[in-house]
Structures are given as structure tokens and as C-alpha cells.
Amino acid sequence: MKVHENFINGAWAGAPERAPNINPSNLSDVVGEFARADAAQARAAIAAARAAFPAWSRGPVQARADMLDRIGAEILARKDELGTLLAREEGKTRAEAVGEATRAGYLFKFFAGEVLRQAGEVLPSVRPGIKVEITREPLGVVGIITPWNFPIAIPAWKIAPALAYGNCVVFKPADLVPGCAWALTEIISKAGVPAGVFNLVMGRGSVLGELLSTDPGVDAVSFTGSVAVGKRVAQNCAARLAKVQLEMGGKNPQVVLDDADLDTAVSLSLQSAFFSTGQRCTASSRLIVTEGIHDRFVNALTEKMQKLKVDDALKDGTDIGPVVDERQLEQDLKYIELGRKEGARLVGGNRLEREKQGYYLEPALFIDSTPQMTINREEIFGPVASVIRVKNYDEALAVANDTPFGLSSGIATTSLKHAEHFKRNSAAGMVMVNLPTAGVDYHVPFGGRKGSSYGPREQGRYAVEFYTSVKTAYVSP
């Protein structure tokens, strides 16, 4: 079987270790063998990026824009192929996976345009005859560390702006999903990127992530993953005063008010809580429902939830694919058992057997849960949601905000008054009104508050805040 190698200084490079990539829908299906870089290879990638930075950062912007546009066009042309690969290695349905690949293509195309939209300011000084110029410059070498749940979209929304603004990249994907990272790297390598500008190092986070966050040759680190690892990355970067951007956990609330349209509320809650197997940082795992609609909502949601088809991610008609791996499945089951012990009433949540051996889990819904239960405090990251009954809007808002996280929140209501108040007073970085909490556009900022995010926003024009530094120049004629 072919070993998929790392990409360092413009060439494919083997590694002393390799590991199989297993399909969670079919444990007998090996997606491929992938090299695992060691610390020496990661240092070589960093050195190559540093050497490439001066020419890349000062090169012609049209060439940079054209390269990013070619990458985006190639991803879009191959979206079905990439979506199948994604579904096979990560477990989200083929339809969702093709949608993610499409989003990745448009991210590169968006930032191809941003290359030519970079702007500065010219201001008069308070001192006569002096001009002040304010410009942005690239940081240098950016370490990019991405998670397993969006193995092509999240790399795209980090890599594209990093390159667009003139930085060089060392990319370390999650060890669990190297396939999409390798495929994206192959596309980038064929698009005309100069040697050293973009580098891929696959392997263990304990080795490569630690090195990227501690090596003085890395000027900034953009990380998406768990809170515990994010804090470690932040500490390492702070110790050497390197710039850092973190996207971490979520415990997102979906409020449903008495005046909500029931079908809309049920549909968006079902999508937010269980699609993508609940493995989204923007998933709604706390469904906060006022008492007037509570029973009707629970009955309707339970009925629809039990009709969802859990099966092979590549099968037509599958609504929910498998959990990504055994470790994540064990974590989900642990929380399901904990919720039962804490006194919440459970619907679903059983491990499932299918035609081929895989990590299949029936969607789980806890009813009669309370805000202080562990299942409502900690991120589970699976197809598990809890319903919390509240008296009115004021209590719903208070419960929604009572969390150490603050990524995404939603409200289902036909009241303009409550919708406007919730938008203003929800302690989250992104607010959805009569829409799922999961699902965001590629051209607008992404990020949260509190324990969910740290540093400048990702995506859209706001990405410039992280990937560049500001320079102020005074000019006297």
C-alpha cells in the first residue's frame, strides 16, 4: 500500500513511522498509510518556511492571488472525490462531506480576492508637514494545528488567509484524519507554491504540536481543538511572546420559546444537535425550552430523532454516520451513562450494530435534565443533547449564558422583541435566530467568547487581524 508522505520544502518526504487511517464506518477498510513526522522533520519544515518567507512575502501579489484561486478551483472541481474521502475517513455523511469540500474551495477563492483588497491608511500628523502611513505586514512563519471534525474546511480557513497575507505555513493536521490534509497538500503543491512556503507534517500532537508552539522559528500559531490542549499551546506561545489564536470547545444553547413555530424549532434543534454525529463545536447540546411548549417540543423532537437513519457514511439515505473512533465513542457512552445516573430520562443512546463493523451510536436525548448536571456543563462532542425546562424567556437567557463556553447560541421565536434582546444579551460570539447553531458562512467572522475562543476571529476580512501585524510609518518630505 502506498505510504502518503509529508511535504517539506517543496518535496514529498518519508518518515521513520507510519500509521493506517481507518474508516469508522467500516473498520476493515484502510483509507491509506500515512507517514508520521518526527521532531527533526518538523524543524526542517520550519527552517524551510523561514528561508522562503522573504521572497514570498515581497513577491507579486497577483501571482499569490492567482495561486490561491487555482487551489480553490481545483478543490471545487474535485469536491465529490474529496467529499467521499472525507466521509470515509471522518464519518460524516457524503452529502455533508461534499458540502465541506465545497466550502473549502470557496474559502481559497475568497482569500484570493483578499490578496488584492489589502488596504492601509494615510493620515496627517499633528505636526505640520508630516505624513503618517499605516500598513499591515505578514507575521512570518505560522504554525497551523487543526482538529479531526472538519478535516478540510478548518485547514482551508487557516491556510488560505495565512498564504494570502504573505506568511509561510507549517501545517499539522489531526493524527486521526490525515487523508484530507494530504489531498489538500497535493492540490497546493501542484498550484505553483514556491518551495518552503507551505509544508505538511503529519503525526502526533504531543510531538509536533508541542514543537510548533515552542520553536522560536514559528512566529504565530493558529489552533483548533480541545480546551486542555489549547491552553497548553497558549502557555507555550505566551512564554516566548508568540502570537496565538485558539478555537476550542462549546456547550451551545438552543432556546425554544412558547411562541416559536414548532416545526421550525424541532427541525433546527434536530440538525444542530445530531447532524455530523454531533461532532461540531457549534452543535446545540443544551435545548432550553419554556414550559408552555416543552411537552409538544419534546414529543415532536423525539419522534423525528428516532426516525434518523444511522449507518455507513457513504450509503445513500444515511442521516448520521458513525462516531469518529473508539475513543470518542467510549467518551460519548461514558457521558450517556453519567446523565442516566444523574437522574435525567434518556431516549436512545444505544450502541448500534450495522452490516459492517463501525462506531455507530444511536442519537441520545436527555429529558428532565437540570442546568448543573455534568452533561449540561461539559462538552460531550457526540450525538447527545439535553432538554432543560424553564419558566420564561428571562430564565432561558440566564441558563443559556450559564456556561464556561460562548461560541454559538440560538433562539427559536416569532417575537421580534425577544429575538432582538437575545441577539444583544447572549454571551456568545455567534447568534442564530430561527436557524441551527451549526452552519456558518465562509466570508464572515467565526469565533466565540470565554472558554471557546482566544485571540482574533477567524474567516472573512477579520482574518487579517491575526495573520498580519500593523506598522506605522512617519514620513517627512
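Residues numbered from 1 in each chain as written. Predicted model: local features only at pLDDT ≥ 70, side-chain atom pairs only at ≥ 80, totals over all residues. Heavy atoms only, no water.

Here we take up the pairing of strand S11 (residues 220-224). Burial within S11 is extensive, with five of its five residues counted as buried. Burial along S11 is two-sided: the residues Ala220, Ser222 and Thr224 and Val221 and Phe223 are all buried. Where strand S8 (residues 141-145) and S11 come together, four bridges link them in parallel fashion. Paired with Ile144 across the two strands is Ser222, which belongs to S11. In this fold, S11 hands off to helix H8 (residues 227-239), which returns the chain to strand S12 (residues 243-247); that crossover is right-handed. (Buried < 20%, exposed > 50% of the residue type's maximum accessible area, 1.4 Å probe, protein only. Helix = DSSP H or I, 4+ residues; strand = E, 2+ residues; numbered from the N terminus. Pairing = 2+ DSSP bridges. Right-handed = clockwise from strand over helix to strand, strands pointing away.)

A few words on the sheet that holds strand S5 (residues 26-36). Strand order in the open sheet made by the three strands is S1-S5-S4, with mixed pairing throughout. Where the open sheet ends on each side, the last strands, each with one partner, are strand S1 (3-4) and strand S4 (17-23). In this sheet, S5 lies alongside S4 in antiparallel orientation, the contact comprising seven bridges. Within S5, the residue paired with Ala19 across the bridge is Phe34. Those strands touched by helix H3 (residues 79-90) are S4 and S5, and its axis lies near 105 degrees from that of S5. (Contact = heavy atoms within 4.5 Å. Axes fitted to C-alpha atoms, helices over the stretch in contact; angles between N-to-C directions.)

This part covers the pattern of salt bridges. Taken as a whole, this structure holds 26 salt bridges when the rule is applied. For the salt bridge of Lys158 with Glu458, the shortest nitrogen-to-oxygen distance reads 2.8 Å. Within this pair, whereas Lys158 is found in helix H5 (residues 153-164), its partner Glu458 is found in the loop between strand S24 (453-454) and helix H14 (464-467), the two being separated by 300 residues in sequence. Each member of the pair Lys158 and Glu458 is classed as buried. One network of salt bridges, with partners in common, ties together Glu74, Arg78, Glu81, Glu186 and Lys190. (Salt bridge = Lys/Arg side-chain N within 4 Å of Asp/Glu carboxyl O.)

Let us now look at the side chain of Gln245. You can see Gln245 is positioned in strand S12. Of the polar contacts made by the side chain of Gln245, one reaches the backbone oxygen of Pro456; its length is 3.0 Å. Engagement of the side chain of Gln245 in a polar contact is seen with the backbone oxygen of Arg457, the distance being 3.3 Å. Setting aside anything within four residues of it in sequence, one finds Gln245 in contact with Lys158, Val221, Ser222, Phe223, Tyr454, Pro456, Arg457, Glu458, Phe466 and Tyr467. (Polar contact = N/O pair within 3.5 Å; in protein donor to acceptor, adjacent residues only side chain to side chain.)

Moving on, we come to the side chain of Thr277. Note on placement: Thr277 falls in the loop between helix H9 (262-274) and strand S14 (284-290). Within the local environment of Thr277, its side chain forms a polar contact with the backbone oxygen of Gly321, the two atoms lying 3.3 Å apart. Excluding residues within four positions of it along the chain, Thr277 makes contact with Gly91, Ile320, Gly321, Pro322, Val323, Gly382 and Pro383.

Once that is clear, we can look at a negative patch on the surface. Taken together, Asp258, Asp259, Glu291 and Glu395 make up a surface patch of like negative charges. Structurally, Glu291 can be placed in helix H10 (residues 291-305). (Patch = residues over 30% accessible without salt bridge, like charges linked within 9 Å, V, L, I, M, F, W, Y side chains within 5 Å. Areas by Shrake-Rupley, 256 points an atom, 1.4 Å probe, with all protein chains shown as cover. Lys, Arg positive; Asp, Glu negative; His and termini not counted. Charge placed at Lys NZ, Arg CZ, Asp CG, Glu CD.)

Within the element layout of this structure, Gly196 appears in the loop between helix H6 (178-189) and strand S10 (198-200). Classification of Gly196 by relative accessible area gives buried; the value is 1%. Between the alpha carbons of Gly196 and Leu416 there is a distance of 53 Å; along the sequence they are 220 residues apart. In this structure, Gly196 is in contact with Asn9, Gly10, Ala48, Ala49, Ala52 and Cys168, ignoring residues within four places of it in sequence.

Attention shifts here to the pairing of strand S13 (residues 252-256). Within S13, five of the five residues are buried, which leaves the element mostly enclosed by the surrounding structure. By the bridge criterion, five bridges tie S13 to S14 in an arrangement that is parallel. Residue pairing across strands places Val256 opposite Val289, the latter belonging to S14. In this view, the connection linking S13 to its parallel neighbour S14 by way of H9 has right-handed handedness. As paired strands, S13 and strand S21 (residues 408-412) are joined by three bridges and run parallel to one another. Of the residues in S21, the one forming a bridge with Val256 is Ala412.

Here we come to H9. Along an α-helix, residues three or four positions apart point the same way, because every turn accommodates 3.6 residues. An ideal rise of 1.5 Å per residue puts 18 Å on 13 residues; H9 measures up with 18 Å between its terminal C-alpha atoms. All of the buried residues in H9 are Ala265, Val266, Leu268, Ser269, Leu270, Ser272, Ala273 and Phe274. Where H9 is buried, its residues meet S13, S14, H10, strand S18 (364-369), strand S19 (384-390) and S21. Looking one or two places after H9, you find Ser276, whose phi comes out positive at around 55 degrees. (Expected span 1.5 Å × (residues − 1).)

All told, the structure shown has 10 aromatic pairs when counted by the stated rule. Both rings, one in Trp148 and one in Phe381, keep their centres 5.4 Å apart while their planes meet at 85 degrees; by these two values the pair is edge-to-face. In this pair, Trp148 sits in the loop between S8 and H5 while Phe381 sits in the loop between S18 and S19, placing the two residues 233 residues apart along the sequence. With respect to class, Trp148 is no different from Phe381; both count as buried. Clustering of aromatic rings is evident, with ring pairs tying together Tyr106, Phe110, Phe111, Tyr165 and Tyr442. Here the guanidinium or amino end of Arg117 rests over the ring plane of Phe110, the centre of that ring lying 5.7 Å away. The side chain of Lys334 reaches across the aromatic face of Tyr335, ending 4.7 Å from its centre. (Phe/Tyr/Trp six-rings, centres within 6.5 Å; stacked < 30°, edge-to-face > 60°. Lys NZ or Arg CZ within 6 Å of the ring centre and 35° of its normal.)

Listing the buried residues of helix H7 (residues 205-214) in full gives Leu208, Gly209, Leu211, Leu212 and Ser213. Contact partners of the buried residues in H7: helix H1 (39-58), S8, strand S9 (168-172), S11 and H8.

A few words now on the nonpolar core. Core analysis: the largest hydrophobic core is formed by 96 residues, its most contacted members being Leu68, Ile71, Phe108 and Ile159. Those residues within four positions of Leu68 in sequence are excluded, and the remaining contacts are Phe108, Phe111, Ala112, Val115, Ala160, Leu163 and Ala164. Counting 26 residues, the second largest nonpolar core, distinct from the first, contains Ala265, Phe297, Ala385 and Val387. (Core = buried A, V, L, I, M, F, W, Y, C linked by side-chain atoms within 4.5 Å.)

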